[in-house]
Structure formats: C-alpha cells, structure tokens
Amino acid sequence: QVQLMESGGGPVQPGGSLKLSCTVSGDISSSCAMGWHRQAPGKQRTVIATLNSEADTLYSDSVKGRFTISGDNAKKTLYLQMDRLKTEDTAVYYCAIGHWDEYDRCKYDIWGQGTQVTVSS
C-alpha cells in the first residue's frame, strides 16, 4: 500500500517562505501524477501544483510564480517550495498521488495526513 507522510508546515509571516515535504513509500509505478492541494476552513479542497508522470509541472493561478513543486526520486520525496506567502495561502496542505479513473482522467486517490500552514502577521 502506498503511504504518504508530510512535514514542514507551520506559522509564517506574509512574504515569508516555507518548504513542505512529502515522503512516499510503496509502489507508485502505476500513478499518473503527484500533487499538492490545500483546503481552507469552509472551502473546498483545490489542487495547486501537480507533477505528472512525464515530470511536467502545473500550477493553479493562485500560486503560479510563487510556489514550486519538485520531486526527488532517490529520496522518494515530493516537495513544495512556497515563497512570498500571502494570508490567503493559509490552509491545510495535502500531498496526493493520482491514478487514471474510468473516464481516463487523472484522479487523486491517495492522500497524506495534511499539514497546517498559517500565514499571519
């Protein structure tokens, strides 16, 4: 079974930086993507950064230019470098692995436990 373990969350001031890590165990050879998501209280969870099976990166407009997703195959770790943080970035951040669903769409189905990021002055 694939398992994900996150670390790196915490409080940070606006304009500051954090780097989240997600260690991966198990066989992910059949996965279509790995990604980072976030969910603020009372809001839906949204994908913000994706690293697909071809090592291409995609970002939501809200984080593009400020966040960077990367992976280290040797360490089996996914990273999210977050720079120039804003108060609206406050959320629980989750890493996830996706697999192709019945509609040939990459669907995230394996999740980490989530880590809180709080951006405030």
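Above this note sits the structure.
Residues numbered from 1 in each chain as written. Predicted model: local features only at pLDDT ≥ 70, side-chain atom pairs only at ≥ 80, totals over all residues. Heavy atoms only, no water.

Residues Trp 36, Leu 80, Met 82 and Tyr 93 are the most contacted members of the largest nonpolar core, which totals 27 residues. Listing elements by their share of this core, those giving two or more residues are β3 (18-25), β4 (33-39), β5 (46-52), β7 (67-72), β8 (77-82), β9 (91-100) and β11 (115-119). With residues up to four places along the chain from it excluded, the contact list for Leu 80 reads Leu 18, Lys 19, Leu 20, Trp 36, Ile 48, Ala 49, Phe 67, Thr 68, Ile 69 and Tyr 93. (Core = buried A, V, L, I, M, F, W, Y, C linked by side-chain atoms within 4.5 Å. Buried < 20%, exposed > 50% of the residue type's maximum accessible area, 1.4 Å probe, protein only. Helix = DSSP H or I, 4+ residues; strand = E, 2+ residues; numbered from the N terminus. Contact = heavy atoms within 4.5 Å.)

Both strand β1 (residues 3-7) and β3 contribute to a ladder of five bridges, which runs antiparallel. Note on β3: the bridge partner recorded for Gln 3 is Ser 25. Pairing of β3 with β8, which is carried by six bridges, proceeds in the antiparallel orientation. Residue pairing for β8: Ser 21 is matched across the bridge by Tyr 79. (Pairing = 2+ DSSP bridges.)

What follows concerns the state of the cysteines. Within this structure, the stated rule accounts for two disulfides. Across the disulfide, Cys 32 is cross-linked to Cys 106 (sulfur-sulfur distance 1.9 Å). Measuring handedness by torsion sign, the sulfur bridge of Cys 32 and Cys 106 sits at about 90° and is right-handed. Of this pair, Cys 32 sits in the loop between β3 and β4 while Cys 106 sits in strand β10 (residues 106-111), and the two are 74 residues apart along the sequence. On the basis of relative accessibility, which here comes to 3%, the residue Cys 32 falls in the buried class. What makes Cys 106 partly exposed here is its relative accessible area of 26%. In the protein, the bonded cysteines, taken in the order they occur along the sequence, pair up as 1-3, 2-4. (Disulfide = S-S within 2.5 Å.)

This brings us to the sheet that holds β1. An order of β1-β3-β8-β7 is seen for the four strands of this open sheet, with the pairing classed as antiparallel. On the outer flanks of this sheet lie β1 and β7, each paired with one strand and no other. Strand-to-strand, the axes of this sheet are offset by a mean angle of 15°, without reference to chain direction. (Axes fitted to C-alpha atoms, helices over the stretch in contact; angles between N-to-C directions.)

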